[in-house]
Amino acid sequence: MAAQDFLARIGAKPLIMGILNVTPDSFSDGGRHCDPGAAFLRAKKMVEEGADIIDIGAESTRPGFTPVSAEEEWARLEAPLAAILREGIAPVSVDTTKAEIARRAVALGAAIINDVSGLHGEPALAEVAAESGAALVVMHHCAEADPARDILADMRAFFARALARAEQAGVKRSQVVLDPGVGFGKTFEQNLVAATSAGALKAAFGLPVLVGLSRKRFIGAITGAPTEKRLAGTLAADLAALQAGADIFRVHDVAEHADALKVWSALVRA
Ligand code: HH2
């Protein structure tokens, strides 16, 4: 099964998750890949460039995003998802917080549910993971940023709650990947801590860690670069996250990450 193949590959080498937004309003590639043909070609290119997973999302989660109904989300998702799965080019992750969308996506063949609500949204989402055996990315977030918050302590409490919910629903621990949720209800300093929190999370939970740092605002806050000019900053951030222990990197720029991760790994091996 695709989920087990994917889970078994974690740790052998850093894995690249290529981002495919089929949304009209995502912060960096919104509107470009809504057509199923265009979405498929983009996914195929990312796989050729070295993506190990394609993460497809149909609801933007950027600050101030407009929520969409399950019907609207599925209408955007179904054709591109089906086209990618039909060709079997890579394991597919579906970026959704809705149990119904996750259920339909895994029924089509998606191997991973990427839940940015971190099992703090719809309780039925954990049941979908349990019943299907899909891998489950549990992402930390806060409702709003609070500079007084001890972000590592908050993440530990959040993930402990999420894992208890997962277990209760019948999700195996081996299905779960944790994500510190950089950019989700955190201050600039908290984002820096979260980006490099993989070691602390692994020490606390012993589970693989995914990070989504690509082109995010904290990078622009350091370099002054606008979204489309954040590649160099993103590579630096992802290498720091790798050094901290992260296993999976959710990125827009796959080819550049494939090279950077290979060179970093060769140097560390030597
Ligand atoms: N970040 C975004 C969306 N999904 N999923 C995980 N697991 N981790 C993340 O950090 C994460 C995520 C936001 O980035 P993007 O998809 O580029 O933008 P948008 O939310 O506008 O679709």
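Relevant structure appears above.
The structure displayed is predicted, hence computed values, not measured ones.

### A closer look at the side chain of Thr187
Then step 1. Secondary-structure assignment places Thr187 in the loop between strand S6 (176-179) and helix H7 (188-195).
Then step 2. Take Thr187: its relative accessible area is 16%, and that puts it in the buried class.

### A closer look at the environment of Ala204
Then step 1. In this structure, Ala204 sits in helix H8 (residues 198-205).
Then step 2. Distance in space between the C-alpha atoms of Ala204 and Ala105 is 31 Å, their sequence separation being 99 residues.

### Quick look at helix H6 (residues 151-169)
Then step 1. Taking 1.5 Å per residue as the helical rise, H6 with its 19 residues ought to reach 27 Å, and the 27 Å between its terminal C-alpha atoms agrees with that figure.
Then step 2. Those residues of H6 that fall on the buried side of the exposure criterion are Ile151, Met155, Phe158, Phe159, Ala162, Leu163 and Ala166. Projected down its long axis, H6 shows its buried positions confined to an angular sector of 135°, all on one face. Looking at H6, the residues exposed on the side facing more than 90 degrees away from the buried face are Glu167 and Gln168.
Then step 3. Next to the buried residues of H6 lie strand S5 (135-139), S6, H7 and H8.
Then step 4. Put simply, Asp150 is the residue that caps the front of H6, since its side-chain oxygen is 3.2 Å from the backbone nitrogen of Leu152.
Then step 5. Positive backbone phi, at 100°, marks Gly170, one or two positions downstream of H6.

### Observations regarding the sheet that holds strand S3 (residues 92-95)
Consider a sheet: its strands pair through backbone hydrogen bonds, and that pairing is either parallel or antiparallel.
Then step 1. Reading across the sheet, the eight strands line up as S6-S5-S4-S3-S2-S1-S8-S7 and stay open at both edges, with parallel pairing between neighbours. Looking at strand neighbours, the two that pair on one side only are S6 and strand S7 (210-211), the edges of this open sheet.
Then step 2. Bridge count for strand S2 (residues 53-57) against S3 is four bridges, and the pairing is parallel. The residue of S3 that forms the bridge with Ile56 is Val94.
Then step 3. Of the strands in this sheet, strand S4 (112-115) and S5 are in contact with helix H5 (residues 124-132), which crosses S4 at around 160°.

### With respect to the pairing of strand S1 (residues 15-21)
Then step 1. In terms of residue burial, S1 counts as a mostly covered element, since seven of its seven residues are buried.
Then step 2. Here S1 shows a buried face lined by Leu15, Met17, Ile19 and Asn21 and a second buried face lined by Ile16, Gly18 and Leu20.
Then step 3. In this sheet, S2 lies alongside S1 in parallel orientation, the contact comprising five bridges. Looking at the pairing, Gly18 lines up with Ile54 of S2.

### So, empty space enclosed by the protein
Then step 1. Evaluated as defined, the whole model comprises one cavity of 30 Å³ or more.
Then step 2. Surrounding the largest cavity, Glu59, Thr61, Glu73, Asp95, Thr96, Thr97 and Val116 form its lining.
Then step 3. Grouping the constituent residues of the lining of the largest cavity by class yields one nonpolar, three polar and three charged.

### Focus: the packing of aromatic side chains
Then step 1. All told, the structure shown has two aromatic pairs when counted by the stated rule.
Then step 2. Ring centres of Phe158 and Phe159 lie 5.6 Å apart, and the angle between their planes is 90°; this geometry places the pair in the edge-to-face category.
Then step 3. On the basis of relative accessibility, which here comes to 2%, the residue Phe158 falls in the buried class.
Then step 4. The class for Phe159 is buried, based on a relative accessible area of 0%.
Then step 5. With 6.0 Å between their ring centres and 80° between their planes, Phe159 and Phe205 make a pair best called edge-to-face. Of the two residues, Phe159 sits in helix H6 while Phe205 sits in helix H8, which places them 46 residues apart along the sequence. Accessibility classification places Phe159 together with Phe205 in one group, the buried group.
Then step 6. Taken together through their ring pairs, the aromatic side chains of Phe158, Phe159 and Phe205 make up a single cluster.

Cut-offs applied
- Residues numbered from 1 in each chain as written.
- Predicted model: local features only at pLDDT ≥ 70, side-chain atom pairs only at ≥ 80, totals over all residues.
- Heavy atoms only, no water.
- Helix = DSSP H or I, 4+ residues; strand = E, 2+ residues; numbered from the N terminus.
- Buried < 20%, exposed > 50% of the residue type's maximum accessible area, 1.4 Å probe, protein only.
- Expected span 1.5 Å × (residues − 1).
- Arc of directions from axis to C-beta.
- Contact = heavy atoms within 4.5 Å.
- Polar contact = N/O pair within 3.5 Å; in protein donor to acceptor, adjacent residues only side chain to side chain.
- Pairing = 2+ DSSP bridges.
- Axes fitted to C-alpha atoms, helices over the stretch in contact; angles between N-to-C directions.
- 1 Å grid on protein atoms, 1.4 Å probe; cavity = no way out; pocket = protein on both sides within 12 Å on 5 of 7 lines; lining within 4 Å.
- Points joined across faces, edges and corners; volume = space filled by probe spheres on them.
- Nonpolar A, V, L, I, M, F, W, Y, C, P; charged D, E, K, R; others polar.
- Phe/Tyr/Trp six-rings, centres within 6.5 Å; stacked < 30°, edge-to-face > 60°.

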